[in-house]
Amino acid sequence: QDAGNHTLLSEFILSGLSSHPELQHLLFFTICFIYSMTLIGNLLICMATAHPTLHTPMYFFLRVLSFLDISTASVVVPKMLVNILSEDRSISYLGCVTQLYCVVSLASTEWYLLAAMAYDRYVAVCRPLRYPAIMSTRACLSMVLLSCCSGQVVSVLQTAWVFTLSFCGPRRINYFFCDIPPLVLLACADTSRYERQLISATVLVIFTPFCLILLSYTCIISSILRISSAESRHKTFSTCSSHLTVVTLYCASGTLIYLQPKSSNSQEAKKVLALIYTTVIPTLNPLIYSLRNKEVKEVLIRGMAVLMKK
């Protein structure tokens, strides 16, 4: 097998989160617990937001976000858990392509969806009388479909660009899943042109939605400040604070991972950030939205009460 020609590679080796054997079991049970909480929390959000009293655009977008969180974690975590306990940490070439495609697609879709959620909050606060007309069912479905299509396009381009690179030397990926920065490090050709493309894609996927979110919240805060009642101001802002928290978490971790794709010195730090991005944040999202949202909490409490009676 010629390791210098990427078309002949049959597999890669994932180094995992840690090379210390004494930490493997602790990592396994910790990540297994986090993944379980991700599934339970997001499934509860999906069920709660399907309640007839929560049939509004905000909860529809939240339900889609929960589905994306479950999908993102499920693409990364099961393989990671298997690798933690296994000596064979290989992933097939096709498996690596598929994993990278899914991760980039889901992450890109989430960013465009977060922008749609910000627009929904803008219309609700700044254009309340026109809200039902603007945020119709058709408009919401169109926004979700556009987010998905945009994510697919970004993912196809990024995945194609990465796997046209020639990989040489060791097949070991210093990461726990197939992602762009560690794969670029394996390339034996000059990747400066590709890195510029990656930065452009990062701007397109992260900063363009972020600017739209920032513009939406500038208008929202301006409208909130004009409300005379302090109680009304607090109530209005509380409907937006959960979304702002999630955007901040995604933006901080995503930009630090992808803006310096070929920085080998920061690979260990990027592993931690990637773990937060793919595993921890999907767990936190249900907590952020349920703990700060009175309506979601009430539906969940009523549902739990019904189950306990049974």
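Just so it is clear, the structure is predicted and the values come from calculations on it, not from any experiment.

**A word on the state of the cysteines**
Then, number 1: In this structure the tally under the stated criterion is 1 disulfide.
Then, number 2: Between the sulfur of cysteine 96 and that of cysteine 178 lies a disulfide, 2.0 Å long from S to S. Handedness here is read from the sign of the S-S torsion; for cysteine 96 and cysteine 178, about -120 degrees, the answer is left-handed. On the criterion of sequence distance, the pair formed by cysteine 96 in helix α3 (residues 93-126) and cysteine 178 in the loop between β3 (172-173) and α6 (180-185) is long-range, its members being 82 residues apart. Across the pair, cysteine 178 and cysteine 96 agree in class, each one buried.

**Let's talk about the environment of valine 203**
Then, number 1: Within the element layout of this structure, valine 203 appears in helix α7 (residues 192-225).
Then, number 2: As a C-alpha pair, valine 203 and lysine 270 span 67 residues in sequence and 19 Å in three-dimensional space.

**A word on the packing of aromatic side chains**
For any pair of aromatic rings, geometry is given as the distance between the ring centres together with the angle between the planes.
Then, number 1: In total, this model carries 12 aromatic pairs according to the counting rule given.
Then, number 2: Centre to centre, the rings of phenylalanine 12 and phenylalanine 167 are 5.6 Å apart; their planes meet at 90 degrees, and the pair counts as edge-to-face. Linking phenylalanine 12 in strand β1 (residues 11-14) with phenylalanine 167 in the loop between α5 (137-162) and β3, this pair joins segments that are 155 residues apart in sequence. Phenylalanine 167 matches phenylalanine 12 in its accessibility class, with the two residues each being buried.
Then, number 3: Consider the rings of tyrosine 250 and tyrosine 277, whose centres lie 5.3 Å apart with planes at 75 degrees: the pair is edge-to-face. Of this pair, tyrosine 250 sits in helix α8 (residues 230-258) while tyrosine 277 sits in helix α9 (residues 267-291), placing them 27 residues apart in sequence.
Then, number 4: Through successive ring pairs, a cluster of aromatic residues spans Phe12, Tyr93, Phe163 and Phe167.

**So, the UniProt feature "transmembrane region" (unreviewed entry) in the chain**
Then, number 1: Mapped onto this numbering, the UniProt entry annotates "transmembrane region" (unreviewed entry) at residues 26-48, 60-78, 98-119, 140-163, 199-225, 237-260 and 272-291.
Then, number 2: Helix makes up 100% of residues 98-119 and strand 0%, whereas the separation of the span's terminal C-alpha atoms amounts to 32 Å.
Then, number 3: Annotated as residues 140-163, this span is 96% helix and 0% strand, and its ends, taken at the C-alpha atoms, are 35 Å apart.

**Details of the side chain of aspartate 120**
Then, number 1: In this structure, aspartate 120 sits in helix α3.
Then, number 2: In this structure aspartate 120 comes out as buried when scored by relative accessible area, which is 1%.
Then, number 3: Residue contacts for aspartate 120: discarding those within four places in its chain leaves Pro57, Met58, Phe61, Tyr131 and Met135.

**Overview of the pattern of salt bridges**
Then, number 1: What the rule picks out here adds up to 2 salt bridges.
Then, number 2: Measuring nitrogen to oxygen at the nearest pair gives 3.4 Å for the salt bridge that ties arginine 171 to glutamate 11. Taken as a pair, arginine 171 in the loop between α5 and β3 and glutamate 11 in strand β1 lie far apart in primary sequence, 160 residues in all.
Then, number 3: The shortest N-O distance in the salt bridge between aspartate 120 and arginine 121 comes to 3.0 Å.
Then, number 4: Here arginine 121 falls in the buried class, since its relative accessible area comes to 10%.

**What to know about the pairing of β1**
Then, number 1: As defined by bridge partners, β1 adjoins strand β2 (residues 90-92) across 3 bridges and the pair is classed as antiparallel. By the bridge assignment, glutamate 11 is partnered in β2 with serine 92.

Conventions and cut-offs
Residues numbered from 1 in each chain as written. Predicted model: local features only at pLDDT ≥ 70, side-chain atom pairs only at ≥ 80, totals over all residues. Heavy atoms only, no water. Disulfide = S-S within 2.5 Å. Helix = DSSP H or I, 4+ residues; strand = E, 2+ residues; numbered from the N terminus. Buried < 20%, exposed > 50% of the residue type's maximum accessible area, 1.4 Å probe, protein only. Phe/Tyr/Trp six-rings, centres within 6.5 Å; stacked < 30°, edge-to-face > 60°. UniProt positions renumbered as here; feature names shortened; annotations may be inferred. Contact = heavy atoms within 4.5 Å. Salt bridge = Lys/Arg side-chain N within 4 Å of Asp/Glu carboxyl O. Pairing = 2+ DSSP bridges.

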